[in-house]
Amino acid sequence: MLASCNYCHQGVLLPSLDMSSLYYQGKILFIHNVPYGHCTHCRNREYNSLQESKKVAQQAYEQYGITSIDFIQSAQTK
């Protein structure tokens, strides 16, 4: 079942994948395949776990110097 939009309350959220990035310690870290819901009415995007994926990206950079991660692979290794 599709969730309803928390912003406009008129559309439904279609599941999609996106790339996100963040600026951390002078580097741009890329996070691929971040899941989000895309509203059919207002086109708003709702990310459920973007903050968690940003933490994983920061840890990967600190430990291994990695600047690009795949959200789905990092979620499966937890």
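Residues numbered from 1 in each chain as written. Predicted model: local features only at pLDDT ≥ 70, side-chain atom pairs only at ≥ 80, totals over all residues. Heavy atoms only, no water.

A. Highlighting the environment of leucine 2. As for its position among the elements, leucine 2 is in the segment before β1 (13-24). Considered as a pair, leucine 2 and tyrosine 61 are 59 residues apart in the sequence and their alpha carbons are 35 Å apart. Residue contacts for leucine 2: discarding those within four places in its chain leaves Val12, Leu13, Leu14 and Pro15. (Helix = DSSP H or I, 4+ residues; strand = E, 2+ residues; numbered from the N terminus. Contact = heavy atoms within 4.5 Å.)

B. Molecular detail of the packing of aromatic side chains. Evaluated as defined, the whole model comprises 2 aromatic pairs. Ring centres of tyrosine 24 and tyrosine 61 lie 6.3 Å apart, and the angle between their planes is 85°; this geometry places the pair in the edge-to-face category. Of this pair, tyrosine 24 sits in strand β1 while tyrosine 61 sits in helix α1 (residues 50-64), and the two are 37 residues apart along the sequence. Here tyrosine 24 falls in the buried class, since its relative accessible area comes to 15%. Seen from their ring centres, tyrosine 36 and tyrosine 47 are 5.3 Å apart, and the 35° between their planes marks the pair as tilted. Note that tyrosine 36 is positioned in strand β2 (residues 27-39) and tyrosine 47 in strand β3 (residues 45-47), a separation of 11 residues in sequence. (Phe/Tyr/Trp six-rings, centres within 6.5 Å; stacked < 30°, edge-to-face > 60°. Buried < 20%, exposed > 50% of the residue type's maximum accessible area, 1.4 Å probe, protein only.)

C. Structural detail: the pairing of β1. As defined by bridge partners, β1 adjoins β2 across 11 bridges and the pair is classed as antiparallel. For leucine 17, the partnering residue across the bridge sits in β2 and is proline 35. (Pairing = 2+ DSSP bridges.)

D. Structural detail: a nonpolar patch on the surface. The grouping of Met19, Tyr23, Ile28 and Phe30 at the surface amounts to a nonpolar patch, some 430 Å² of accessible area in total. Secondary structure elements with two or more residues in the nonpolar patch: β1 and β2. Within the element layout of this structure, tyrosine 23 appears in strand β1. Note on tyrosine 23: relative accessible area 61%, which makes it exposed. (Patch = residues over 30% accessible without salt bridge, like charges linked within 9 Å, V, L, I, M, F, W, Y side chains within 5 Å. Areas by Shrake-Rupley, 256 points an atom, 1.4 Å probe, with all protein chains shown as cover. Salt bridge = Lys/Arg side-chain N within 4 Å of Asp/Glu carboxyl O.)

E. Spatial organisation of the state of the cysteines. Under the definition given, this model contains 0 disulfides. Between cysteine 5, a free cysteine, and cysteine 39, which holds the nearest cysteine sulfur, the sulfur-to-sulfur gap is 3.7 Å. Between cysteine 42, a free cysteine, and cysteine 39, which holds the nearest cysteine sulfur, the sulfur-to-sulfur gap is 3.7 Å. Here cysteine 42 falls in the partly exposed class, since its relative accessible area comes to 28%. (Disulfide = S-S within 2.5 Å.)

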